[in-house]
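Structure assessment
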Amino acid sequence: MAEKLLEIKNVSKIFRIGGMLSGKKLTAVDGISLEVDGEKPVILSVVGESGCGKSTLCKMILRLYQADEGEICLSGNSYANKKKYDPMQFRLDVQPIFQNPYEAFSARKPVDTYLFNTALRLGIAKTRDEAEKLIEETLQSVGMSLAVVKGKYPAQFSGGELQRISIARALITRPKLIIADEPVAAIDASMKMNIVNLFKELKDKYNVSFIYITHDLSTAYYVSDYIATLYRGCLIEYGEAMDIMDNPAHPYTELLMNAVPRVGDKWSEELILPDTEEKEYSISYCKFAPRCPYATDECRNKKPEMTLINDNRKVFCFHPLLGS
Ligand SMILES: Nc1ncnc2c1ncn2[C@@H]1O[C@H](COP(=O)(O)OP(=O)(O)OP(=O)(O)O)[C@@H](O)[C@H]1O
Ligand SMILES: [Mg+2]
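Worth saying up front: this structure is predicted, and the values here are computed from it rather than measured.

The rules behind the values
- Residues numbered from 1 in each chain as written.
- Chains lettered and ligands numbered in written order.
- Predicted model: local features only at pLDDT ≥ 70, side-chain atom pairs only at ≥ 80, totals over all residues.
- Heavy atoms only, no water.
- Helix = DSSP H or I, 4+ residues; strand = E, 2+ residues; numbered from the N terminus.
- Rg over C-alpha atoms; globule rule 2.2 N^0.38 Å.
- Buried < 20%, exposed > 50% of the residue type's maximum accessible area, 1.4 Å probe, protein only.
- Near = heavy atom within 4 Å.
- Polar contact = N/O pair within 3.5 Å; in protein donor to acceptor, adjacent residues only side chain to side chain.
- Core = buried A, V, L, I, M, F, W, Y, C linked by side-chain atoms within 4.5 Å.
- Contact = heavy atoms within 4.5 Å.

**Points about the overall build of the protein**
In terms of regular secondary structure, the protein is built from 13 helices and 12 strands. Rg of the C-alpha trace for the protein: 20 Å, near the compact-globule value of 20 Å for 324 residues, within the 12% margin. For the C-alpha atoms alone, the extent of the protein along its principal axes is close to 70 × 45 × 45 Å. Put simply, the protein has 324 residues, and 51% of those count as buried.

**Comments concerning the site of ligand 1**
Around ligand 1, the surrounding shell holds 16 residues, and the nearest of these are Ser50, Gly51, Lys54, Ser55 and Thr56. At 3.5 Å from an oxygen atom of ligand 1 is found a side-chain nitrogen or oxygen belonging to His215. At the level of elements, strand E1 (6-17), strand E2 (24-36) and helix H1 (54-61) are the ones that each hand at least two residues to the shell around ligand 1. It is H1 that provides the largest number of residues to the shell around ligand 1, a total of three residues.

**Focus: the nonpolar core**
By size, the foremost hydrophobic cluster in this structure holds 40 residues, and its most contacted members are Ile135, Leu139, Ile165, Ile167 and Phe199. When contributions to this core are tallied by element, the ones reaching two or more residues are helix H4 (111-121), helix H5 (128-141), helix H6 (146-149), helix H7 (159-172), strand E7 (177-181), helix H8 (189-206) and strand E8 (209-214). Discounting chain neighbours no more than four positions away, the residues touching Leu139 are Leu115, Met144, Ser145, Leu146, Val149, Ile165 and Ala168. Counting 31 residues, the second-largest nonpolar core is a separate cluster that includes Leu5, Val29, Ile179 and Ile213.

Right, dumping it as structure tokens:
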């Protein structure tokens, strides 16, 4: 069997909140297990409303946070295994794209200096000429060119253009995995699909997988091969995008499906999730039970187990809505 590109095994992140003396804890990521196949590139969208743990999960994958429980492996090597961990190789293999491209580049430096620095300092190009060729080719693949970018500062680009340049920068290292945390949230609505479409093109062209974190369900469904839904730090459903769209198995996913907005819209958090109190994060039974229309006593007393519906589909629920 082919090696997995990424394995997230039962990973948790627990924050202390309210100061050192309060003793309060918040489980921002609660025992999540997810995999990204190594055989062919995929786009895995991670969806869920504000505060459900998407960015915390991203930061653990990017090694910006250490997991408090569980383990993450890239190409079979555990992050915890210091012998196998080569920070330089990691920077080549896993690249981030952030929400606000204006924060990713200094306002006082021409944007192309970042592209050259990435190509030359990480040793991908040996000479300036080689770097120029590589940068031109990569910029072309995101619909830009060095002639357009050279010598210009971030403020001289629109958000969509600058985000495309930051995607090019991420691609220069020829990564295996790109972690894009809300990459279109700050982009003009008319440009969102344009950027998201690029992911689909680049996936095959560069043989790179994407973890696409988003609030924006409509772009997620359009672009994804797989979707993972988080709720209060837990993975509540995972599967092939079309499968999940046609047949949501978790009552929360069903609720989200019924509220799928047009491209660029977010679902109404007020409507679906009026309560973001931290107590919900610490519920030991099903975290969705308090607002689930199908909840039984079992749901209010016991933590559900992950139910495998098929090889590519799992749901964290006692009563999955199978085929309904
Ligand atoms: N460094 C931190 N210290 C304490 N609590 C944190 C920290 N980072 C995140 N949290 C809490 O953990 C939970 C998950 O946060 P996270 O940022 O991962 O959510 P998110 O799904 O990315 O939300 P959003 O969609 O708003 O970006 C939230 O309740 C948040 O307040
Ligand atoms: Mg976030």
